[in-house]
Amino acid sequence: MLSLLVGIDIGSYYTKLVVLEPKARIALQDTFIFRTPFSAISGKDNEIEAKVFVDEITRFIPLKLLHCAKIGISLCYSSVTALPVFLPLMPKKELGFAAINEAKQKMIPVTTVDHIFETIFLGERIAGKTSRYELLVIRVDRASINKTLALLKGINVVPVLITPNSCVLPKIMPRQFWKKEQSVVFADIGGSSIHISIYREASLVFMRHVVYGLHDIIQDFSHQLGISEAKAEDIIKEKGVPAITFNLEDKIAISEEIMRQKYEIGLKQGLGASENEVNLLGLRMLWQPHIERIIQELRRSFVYYKEQSEGRRSEDLYFLGGGSQLNNIIPQLTTNIGGACSVILPFSEIQLSKERQIQDMAYTTPIFSGAVALALAAFEAKSPKPGMVNFLPKDIMRREALLAKRLVLLVARTFLLVVSSLLAAHLFFANLMIKNDIRETESKIENIQRTASKLIDLERQKSLVNQRITEVENIARNSAYLINLLEDVASVYKDVLFNKLTLSKTKLEIYGQATTDFEQANSIINEFKERLHKLKILANLNVQPIELEKMYPEIIGPLSNQQEVLLTQPKARGFNLTADIINK
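Residues numbered from 1 in each chain as written. Predicted model: local features only at pLDDT ≥ 70, side-chain atom pairs only at ≥ 80, totals over all residues. Heavy atoms only, no water.

Colleague: Sorry if this is basic, but what is going on with the side chain of Asp 517 here?
Modeller: With respect to the element layout, Asp 517 can be found in the loop between strand 16 (507-516) and helix 15 (518-534). For Asp 517, the side chain forms a polar contact with the main-chain nitrogen of Gln 520, separated by 2.9 Å. (Helix = DSSP H or I, 4+ residues; strand = E, 2+ residues; numbered from the N terminus. Polar contact = N/O pair within 3.5 Å; in protein donor to acceptor, adjacent residues only side chain to side chain.)

Colleague: Would you mind going over the environment of Phe 575 with me for this structure?
Modeller: Note that Phe 575 resides in strand 20 (residues 571-581). Residue class for Phe 575 comes out buried when judged on its relative accessible area of 7%. C-alpha of Phe 575 to C-alpha of Glu 547: the two residues are 28 residues apart in sequence and 9.6 Å apart in space. (Buried < 20%, exposed > 50% of the residue type's maximum accessible area, 1.4 Å probe, protein only.)

Colleague: Please explain the packing of helix 5 (residues 214-225) against helix 6 (residues 229-239) as it appears in this structure.
Modeller: In a packed pair of helices, the relevant descriptors are the angle between the two axes and the axis-to-axis distance. Relative orientation of the contacting elements helix 5 and helix 6 amounts to 110 degrees, with a least axis distance of 8 Å. Here helix 5 is positioned roughly perpendicular relative to helix 6, judged by the angle of their axes. Crossing of helix 5 against helix 6: the hand is right-handed. Residues His 215, Ile 217, Ile 218, Gln 219, Phe 221, Ser 222 and Leu 225 of helix 5 pack against Glu 229, Ala 232, Glu 233, Ile 235 and Ile 236 of helix 6. The residue inventory of the contact of helix 5 with helix 6, partitioned by class, reads 7 nonpolar, 3 polar and 2 charged. (Axes fitted to C-alpha atoms, helices over the stretch in contact; angles between N-to-C directions. Parallel < 35°, antiparallel > 145°, perpendicular 65-115°, else oblique. Left-handed = near helix turned anticlockwise from the far one by under 90°. Contact = heavy atoms within 4.5 Å. Nonpolar A, V, L, I, M, F, W, Y, C, P; charged D, E, K, R; others polar.)

Colleague: Honestly, the nonpolar core in this entry has me stumped. Any pointers?
Modeller: As a rule of thumb, nonpolar side chains are buried together in soluble globular proteins. If you look at the biggest cluster of nonpolar residues, it comprises 109 residues, and the most contacted ones within it are Ile 138, Phe 186 and Trp 287. It is helix 8 (residues 280-308) that provides the largest number of residues to this core, a total of 9 residues. Ignoring any residue separated from it by four or fewer positions in sequence, one finds Ile 138 in contact with Val 80, Thr 81, Ala 82, Ile 116, Phe 117, Glu 118, Ile 120, Cys 167, Leu 204, Val 389 and Phe 391. Of all hydrophobic cores here, the second largest spans 19 residues; its members include Val 496, Leu 532, Val 543 and Phe 575. (Core = buried A, V, L, I, M, F, W, Y, C linked by side-chain atoms within 4.5 Å.)

Colleague: Just to check I follow, could you spell out helix 1 (residues 50-60) for this structure?
Modeller: Residues separated by three or four positions in an α-helix point in the same direction, a consequence of the helix having 3.6 residues per turn. Listed as buried for helix 1 are Phe 53, Val 54 and Ile 57. Axial view of helix 1: buried residues confined to an arc of 95 degrees, hence all on one face. Facing away from the buried side of helix 1 by more than 90 degrees, the exposed set consists of Lys 51 and Arg 59. In this structure, the buried residues of helix 1 make contact with strand 1 (5-10), strand 2 (14-22), strand 3 (26-35), helix 2 (63-67) and helix 4 (142-153). (Arc of directions from axis to C-beta.)

Colleague: Can you walk me through the pattern of salt bridges in this structure?
Modeller: Note that side chains of opposite charge can pair when their charged atoms are close. The final tally for this structure, using the stated rule, is 16 salt bridges. Put simply, Arg 59 and Glu 56 hold a salt bridge, and the shortest N to O gap is 2.7 Å. In this pair, Arg 59 and Glu 56 both sit in helix 1, 3 residues apart, roughly one turn of the helix. The exposure class of Arg 59 is exposed, given its relative accessible area of 57%. When the shortest N-O distance is used, the salt bridge between Arg 293 and Glu 297 registers 3.0 Å. Taken as a pair, Arg 293 and Glu 297 lie in helix 8 at a separation of 4 residues, close to a single helical turn. (Salt bridge = Lys/Arg side-chain N within 4 Å of Asp/Glu carboxyl O.)

Colleague: Mind showing me how you'd approach the environment of Lys 70 here?
Modeller: Position of Lys 70 among the secondary structure elements: in strand 4 (residues 70-74). Residue class for Lys 70 comes out partly exposed when judged on its relative accessible area of 23%. Separated by 305 residues in the primary sequence, Lys 70 and Ala 375 place their C-alpha atoms 7.8 Å from one another. Each residue touching Lys 70, except ones within four places of it in the same chain, is listed here: Ser 3, Leu 4, Leu 5, Val 6, Val 160, Ala 378, Phe 379 and Lys 382.

Colleague: Could you clarify how one ought to interpret the sheet that holds strand 6 (residues 115-127) in this entry?
Modeller: Think of a sheet as strands paired side by side through backbone hydrogen bonds, with each pair either parallel or antiparallel. Read from one edge of the open sheet, 3 strands run 5-7-6, paired in antiparallel fashion. Looking along the sheet, the strands with just one partner apiece sit at the ends: strand 5 (80-88) and strand 6. On average, adjacent strands in this sheet sit at an angle of 20 degrees to one another, irrespective of strand direction. Where strand 5 meets strand 7 (residues 130-141), 9 bridges bridge the pair, whose relative direction is antiparallel. Residue pairing across strands places Ala 82 opposite Ile 138, the latter belonging to strand 7. (Pairing = 2+ DSSP bridges.)

Colleague: Is there a simple way to explain unusual backbone geometry in this structure?
Modeller: What you tend to see is this: most non-glycine residues have negative phi, and most peptide bonds are trans. The peptide bond linking Ile 108 to Pro 109 adopts the cis configuration, its omega dihedral lying at 0 degrees. Mapping Pro 109 onto the fold places it in the loop between helix 3 (92-106) and strand 6. The phi dihedral of Asn 156 falls on the positive side, at around 55 degrees, and the residue is not glycine. Judged by relative accessible area, Asn 156 falls into the exposed class, the value being 67%. A positive phi angle is found at Glu 201, which is not glycine, with a value near 55 degrees. By the element assignment, Glu 201 lies in the loop between strand 10 (194-200) and strand 11 (203-210).

Colleague: Help me understand the sheet that holds strand 12 (residues 316-320), please; the structure alone is not making it clear to me.
Modeller: The 5 strands lie next to each other as 11-10-9-12-13, forming an open sheet whose pairing is mixed. Two strands close off the open sheet at either side, each with one partner strand: strand 11 and strand 13 (340-343). Within this sheet the neighbouring strands show an average axis-to-axis angle of 20 degrees, counted without direction. Sitting on the sheet, helix 8 is in contact with strand 9 (183-189), strand 10, strand 11 and strand 12, with an inclination near 140 degrees to strand 11.

Colleague: Explain the pairing of strand 13 here, please?
Modeller: Every other side chain in a regular strand lies on the same face of the sheet, so the side chains alternate between the two faces. Here strand 12 runs beside strand 13; their pairing, made up of 4 bridges, is parallel. Counted as the bridge partner of Leu 317 is Cys 341 from strand 13. Assessed by its sense of winding, the connection that carries the chain from strand 12 through helix 9 (residues 329-337) to strand 13 is right-handed. (Right-handed = clockwise from strand over helix to strand, strands pointing away.)

Colleague: Can you walk me through the packing of helix 5 against helix 8 in this structure?
Modeller: With their axes 11 Å apart at the nearest point, helix 5 and helix 8 run at an angle of 140 degrees to one another. It follows that helix 5 is oblique to helix 8 by the angle criterion. The element helix 5 and its partner helix 8 pack so that their crossing is right-handed. From helix 5, Asp 216, Ile 217, Asp 220, Phe 221, Gln 224 and Leu 225 reach across to helix 8, where they touch Leu 283, Leu 286, Trp 287 and His 290. Along the lines of polarity and charge, the residues of the contact of helix 5 with helix 8 split into 6 nonpolar, 2 polar and 2 charged.

Colleague: Explain the packing of aromatic side chains to me, please; I cannot follow it from the model alone.
Modeller: Two descriptors summarise a pair of aromatic rings, namely the distance from one centre to the other and the angle between the planes of the rings. All chains considered together, the criterion is met by 15 aromatic pairs. Taking 5.4 Å as the distance between ring centres and 70 degrees as the angle between the ring planes, the aromatic pair formed by Phe 177 and Tyr 318 counts as edge-to-face. Taken together, the residues Phe 177 in the loop between strand 8 (161-163) and strand 9 and Tyr 318 in strand 12 connect sequence positions 141 residues apart. When its relative accessible area of 15% is taken as the criterion, Tyr 318 is described as buried. Here the aromatic residues Phe 177, Trp 178, Phe 186, Tyr 199 and Tyr 318 are joined through ring pairs into a cluster of three or more. One Lys or Arg, Arg 35, reaches over the ring of Tyr 14 and ends 5.2 Å from the middle of that ring. (Phe/Tyr/Trp six-rings, centres within 6.5 Å; stacked < 30°, edge-to-face > 60°. Lys NZ or Arg CZ within 6 Å of the ring centre and 35° of its normal.)

What follows is the structure, given as structure tokens:
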């Protein structure tokens, strides 16, 4: 988030605050106003109580926002002196010193070591066929700057800009407002003074401070009407400058009309009518000398500017300050001065963000002009443009610049540390991933090697099996007659079961069972042996004899000649036959 922009315009009656937010377009966040807390202690005229001042500001703006905000603060007009200086052509590096030396000799009161100077280069002028440089030299009391800094010192807040309002007021006007070679007048009608500034192409060329303001008018009304200053102030704020149709030069007619109106009011109110009751015509007559005084001071400034600028005339007049918002005062001044006169609208180029501020625009606009200009100028204070005047002490500027550089370095180091940490973390995790990939690859390679080894073993076993199959096929092919013989025996002797036949190149082994009596089993086995012998491919025929058994004679069938006597019981009797195969 960007820093907020805060403008603090310290007036002789009220202090005005404006808070702007630097978005894509400058936006108004809020406005505040409070009575300037001047010290009541005798001998401390124009001294502001810092604690009360800070308490009022922090009541509106949180301290943590002030610490990171860019603050522009105004200098009292009474401490500022300005003088135009004309110098012969010389190197521009020497212009500032030469202009200040020239101003020191001409400025009143006399310059001392307690004064600080700034210059504004206005350009080159031709006077009497001679080219000269024109500059405006501005002088400020050092004590005024120190007092301004001391106001915020207690909360460790340092502004980025300290300057008179007249040096930054062009900021509130759009660029297209300023015409080439056109002179524009800003008149600030304040509580204790009228400040007149003249600008040419957005540069301050003339400044005059008149110690006469609304407070003087209030005091006069209080004396003339015999009422308190607070009551007089309320009447002025409520009624403003009444509009009348009488000819102000006909004093007799106006006096008679005032007496007649007072008499009518007295009749209506009876004996309880106040002798200090003010009617509009009488109030307008009280205003007349003050209006004439304001007009006189403005015209005097115009004439002086015309003389020192060799005939230049001011064309447009704009009012600001608390006095400009009084009812009907601007039309009365315009009627007597002539030309184009209007009130400055400082929020016209600023995006409004709160409905309350929009509703209060008619009342608050002129009085916040200085605060808006200070906030806008604070936005450019870090990289000032030519013509910007900043009386912030040089050592504070250097310290702020050093702090800014340190902050940039800190941010850069933090950024590098974060980037290095992220890179190290990335490399660490990348290394872990590579190691995991290597382990997975090695595991896959081991699996492949094991699989390959198994395949080799399988191929070897397959070859061995194929070899054995071939041998078996050869044996089976060469011994097909033996298999046929076994099938014949099995088909003739239903009681014979061959359990196992082992056949190799040189050996034959047969295991079987004969399910019959002992005598019949021996007969079958011997007959089978004889048949094998007749094949003439076997030698060393050997039949393991059936174990002898006890005889249990049994007569089967009826008593007749067909009776059969069994010596042993029929059962499964196993036999084993082995022989050698003769190779042909």
